[in-house]
Amino acid sequence: DFKVSLTTLGKDELGELSNSIHKLANDLERLKNERNEFLASIAHELSTPLTYLIGYSKVAMRKGLSEEEREHYLEIIAEESNRMKDLVKNLLDLARMDETSFTVSKEYFWASPFLQDLCKLVVPSYEIKNIKLNLVCKNDFQIYADSIRLEQIVLNLLDNALKYSNENSEVTLEAYKQGDQAVISVIDTGIGIPLEEMEFIFENLYRVEKSRSREYGGSGIGLAVVKELVEAHGGTIEVQSKLGEGSTFRVTI
Ligand code: ADP
């Protein structure tokens, strides 16, 4: 059928068809490159903590270590294992979100205890960089959301705030009710995001400057997952940032 109809096409139509095929081939090539880049980046992300895990577990098993030394190495092992766990969780979610079966199951829960628990989870990693984490939730209120997904959203943002902040600084997790919406912000005083990069950071795999990601680690999928999860709630996420001064990520759901 295709052959027959091709013969009936005029010159212009043939040209158009040829352009479309060309474009399709280019798109396929681009997708293939993106997929390879994605796989390489994930492999790299997983291999870094693995290298630490292997190295530090060997060191921790050495005879003659003091109790403190062994504890120190075990802390690093726990920290790196957690990083791997979070990355794998993000990856699984990213894969699941493309399926039609992905749903959020909303329920009512109180903001303050929910956020306090999250702070407790991240405080040990914050302490390593001596960064103070403030929780500001003056008037407690109820959030209507999928608590597991919201946990992931906030943890990803807190993880970034920590990663892109200098030692001895402060991060604030703030929550309040605005009309019938919950507003949750993560405010840091870290390295900030260049203005021209701001519109891209929520794209999958996007990392600001290669040198920066080499220094800070990261796969560029955290914010892509955050955005998808926020949108699955019918919510919005915005960012305000100034290079060298800090960033604020604000989620409204
Ligand atoms: P990554 O794993 O690289 O952190 P994300 O998707 O979480 O990936 O973030 C994308 C990019 O946005 C990061 O590479 C980083 O350059 C920038 N970014 C995200 N959060 C912050 C922040 N709080 N401060 C400064 N830069 C940030």
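The shown structure was predicted, so the numbers you read here are calculated from the model rather than taken from an experiment.

1. As for the overall build of the protein chain
Looking only at helices and strands, the protein chain features seven helices and seven strands. Secondary structure of the protein chain in N-to-C order comes out as α-α-α-β-α-β-β-α-β-β-α-α-β-β. Scaling as 2.2 N^0.38, a compact globule of 253 residues should have a C-alpha radius of gyration of about 18 Å, whereas the protein chain reaches 23 Å, well beyond that. Evaluated residue by residue, the protein chain yields a buried proportion of 40% over its 253 residues. In the protein chain, the proportion of contacts linking residues at least 24 apart, taken out of those at least 6 apart, comes to 68%. Of the roughly 15700 Å² of accessible surface on the protein chain, 53% is carried by carbon and sulfur atoms. With 29 positive and 42 negative side-chain charges, the protein chain shows a spacing of 3 Å between the two charge centroids.

2. Let's talk about the side chain of T252
On the secondary structure map, T252 appears in strand β7 (residues 246-252). Judged by its relative accessible area of 9%, T252 is buried.

3. Thoughts on the nonpolar core
Residues Y126, I143, L150, L157, L158 and F249 are the most contacted members of the largest nonpolar core, which totals 49 residues. Here L157 is in contact with V186, L223, V226, I237, F249 and V251, once residues within four sequence places are set aside. Judged by nonpolar contacts, the second largest core, of seven residues, contains L53, A60, I77 and M84.

4. Re the confidence of the model for the protein chain
Across the protein chain, the average pLDDT comes to 87, with 91% of residues at or above 70. Listed scores for the predicted complex are pTM 0.74 and ipTM 0.97.

Conventions and cut-offs
- Every residue gets a number counted from 1 within its own chain, in the order that chain's sequence is written.
- Restriction of local features to residues with pLDDT of at least 70 applies here, the model being predicted, together with a cutoff of 80 or more for giving and counting side-chain atom pairs; totals for whole chains, interfaces and linings are based on all residues.
- For side-chain calculations, the full set of non-hydrogen atoms in the structure is used, while hydrogens and water are omitted.
- To qualify as a helix, a DSSP run of H or I must reach at least 4 residues; to qualify as a strand, a run of E must reach at least 2; elements of each kind are numbered from the N terminus.
- For the radius of gyration, the atoms used are the C-alpha atoms, and the globule rule reads 2.2 Å times the number of residues raised to 0.38.
- Residue exposure (1.4 Å probe, protein chains only): buried if accessible area is under 20% of the type maximum, exposed if over 50%, otherwise partly exposed.
- Only heavy atoms enter the contact rule, under which two residues are in contact if any of them lie within 4.5 Å.
- Values of accessible area rely on a 1.4 Å probe in the Shrake-Rupley scheme; residue burial ignores everything except the protein chains shown.
- Neither His nor the chain termini are counted; the positive set is Lys and Arg, and the negative set is Asp and Glu.
- We put the charge of a Lys on NZ, of an Arg on CZ, of an Asp on CG and of a Glu on CD.
- Take the buried residues of types Ala, Val, Leu, Ile, Met, Phe, Trp, Tyr and Cys, join any two whose side-chain atoms come within 4.5 Å, and each joined set is a nonpolar core.
- pLDDT measures the predictor's confidence residue by residue and takes values from 0 up to 100.

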